[in-house]
Structure formats: structure tokens, C-alpha cells
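Next come the chains, spelled out residue by residue.
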Amino acid sequence: MLTLRRVGSIGVAAVSATLNFSSCEEKQPRFAGKTIVITGGGGAFGRVGAKYFAKEGANVVLVDVNRKALDEAMATLPGANVEAVACDVRDADSVAAVVRTAQKFGGVDLLWNNAGYQGQMKPLLEYSAKDVQLVMDINVVGGFNVLQAPPSTG
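Residues numbered from 1 in each chain as written. Predicted model: local features only at pLDDT ≥ 70, side-chain atom pairs only at ≥ 80, totals over all residues. Heavy atoms only, no water.

- Going by an unreviewed UniProt entry, the protein chain carries the name Short chain dehydrogenase and comes from Aureococcus anophagefferens.
- Regarding the protein chain, the UniProt comment filed under Sequence similarities (unreviewed entry) reads as follows: "Belongs to the short-chain dehydrogenases/reductases (SDR) family." (UniProt positions renumbered as here; feature names shortened; annotations may be inferred.)

### As for the packing of aromatic side chains
Then, number 1: A complete count under the given rule lists 3 aromatic pairs for this structure.
Then, number 2: Between Phe31 and Tyr52, the ring centres sit 6.3 Å apart and the planes meet at 75°, which makes this aromatic pair edge-to-face. Highlighted residues: Phe31 in the loop between β2 (12-17) and β3 (35-39) and Tyr52 in helix α1 (residues 44-55), separated in sequence by 21 residues.
Then, number 3: Ring centres of Phe31 and Phe53 lie 4.9 Å apart, and the angle between their planes is 55°; this geometry places the pair in the tilted category. With Phe31 in the loop between β2 and β3 and Phe53 in helix α1, this pair connects stretches of sequence that are 22 residues apart. For the pair shown, Phe31 and Phe53 are each scored as buried.
Then, number 4: Aromatic ring contacts, followed pair by pair, group Phe31, Tyr52 and Phe53 into a single cluster. (Phe/Tyr/Trp six-rings, centres within 6.5 Å; stacked < 30°, edge-to-face > 60°. Helix = DSSP H or I, 4+ residues; strand = E, 2+ residues; numbered from the N terminus. Buried < 20%, exposed > 50% of the residue type's maximum accessible area, 1.4 Å probe, protein only.)

### Regarding the pattern of salt bridges
Any two side chains of opposite charge can pair, given that their charged atoms come close.
Then, number 1: Going through the model one piece at a time under the given rule, you end up with 4 salt bridges.
Then, number 2: Of the charged contacts, one joins Asp71 and Arg67 as a salt bridge, the two residues approaching to 3.1 Å between their closest N and O atoms. One end of the pair is Asp71 and the other is Arg67, both in helix α2 (residues 67-75) and 4 residues apart, which spans about a single turn.
Then, number 3: Judged by relative accessible area, Arg67 falls into the partly exposed class, the value being 40%.
Then, number 4: The partner of Asp88 in a salt bridge is Arg90, and the shortest N-O contact between them spans 2.7 Å.
Then, number 5: Exposure remark for Asp88: the relative accessible area of 23% places this residue in the partly exposed category. (Salt bridge = Lys/Arg side-chain N within 4 Å of Asp/Glu carboxyl O.)

Structure follows, in C-alpha cells:
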């Protein structure tokens, strides 16, 4: 059931939906046969994403610079089609190794470019230029490297 109602005086509408899958005998996993690469896979969001995609049938390639965090994430995904790759997204050659690992599953179908660094939590005038550079290198250059990674040739 889908309902639409007016909220507030500026005509903003809110939609609410109720979905009922009880009539479906078996629900096909949404991402069956697909392979997703999740950067920042050792962190909280990456782990939750890995569980979700694995549950929905995807092959998962977890990527993080922190090997210990990757190992901990892998321990929460027993039996799933998951590979972990220690990778610094700032290094294009390291990112290329991720693509080669994904080839085990037939290549990359989906990407969650989740790796990031928020930097120091300080007033601007106390913030170091070195930390600003690290934020840019991981969040911008790292994200770019992952998006630009060439497909594996096998």
C-alpha cells in the first residue's frame, strides 16, 4: 500500500509504503552472482555492507589498509564468498591488485567507494596542513584511484 500526504505549509509530501513479500514462496537474492568491492571494508560501515551484500548473494571483496580490521571483519562472515585485500587506496598499484582479486569471481560488478579519513577534530587554525593533505590523499585521490582502476585482463 502506498500513501501520499501533505506535510507542512510549503506543500512537502511524505510517502509511506508497506511492502508485503509473504506471497513470495522464495525470494531470489538481490545480488546473486554479482561481485562488489567495498573499500574501507574493515570499518563499521564496510562490515555492515559486507554482511548485507553477502546475505543478498554477492561475492564481496573487502578492502582496507588495516589488515587486523579486515581479519576481524572476515571473522563475522563465515561461509560467505568474501575475499579480503589489504590495500592503500592512495597507491594505484595496490588498487590494481584488488581488481585482480575480484577477477576470481569474474570481475567487478559493483563498487562501494567507502574508504575515508575525517582528519583531526580541531579548530581550523589548529589543524595541521599535513592532516589536510592526508584527508585529500585518502578521500579524493584514493577514491579517484579506485574509480580509475583498469579492469583486470585475467
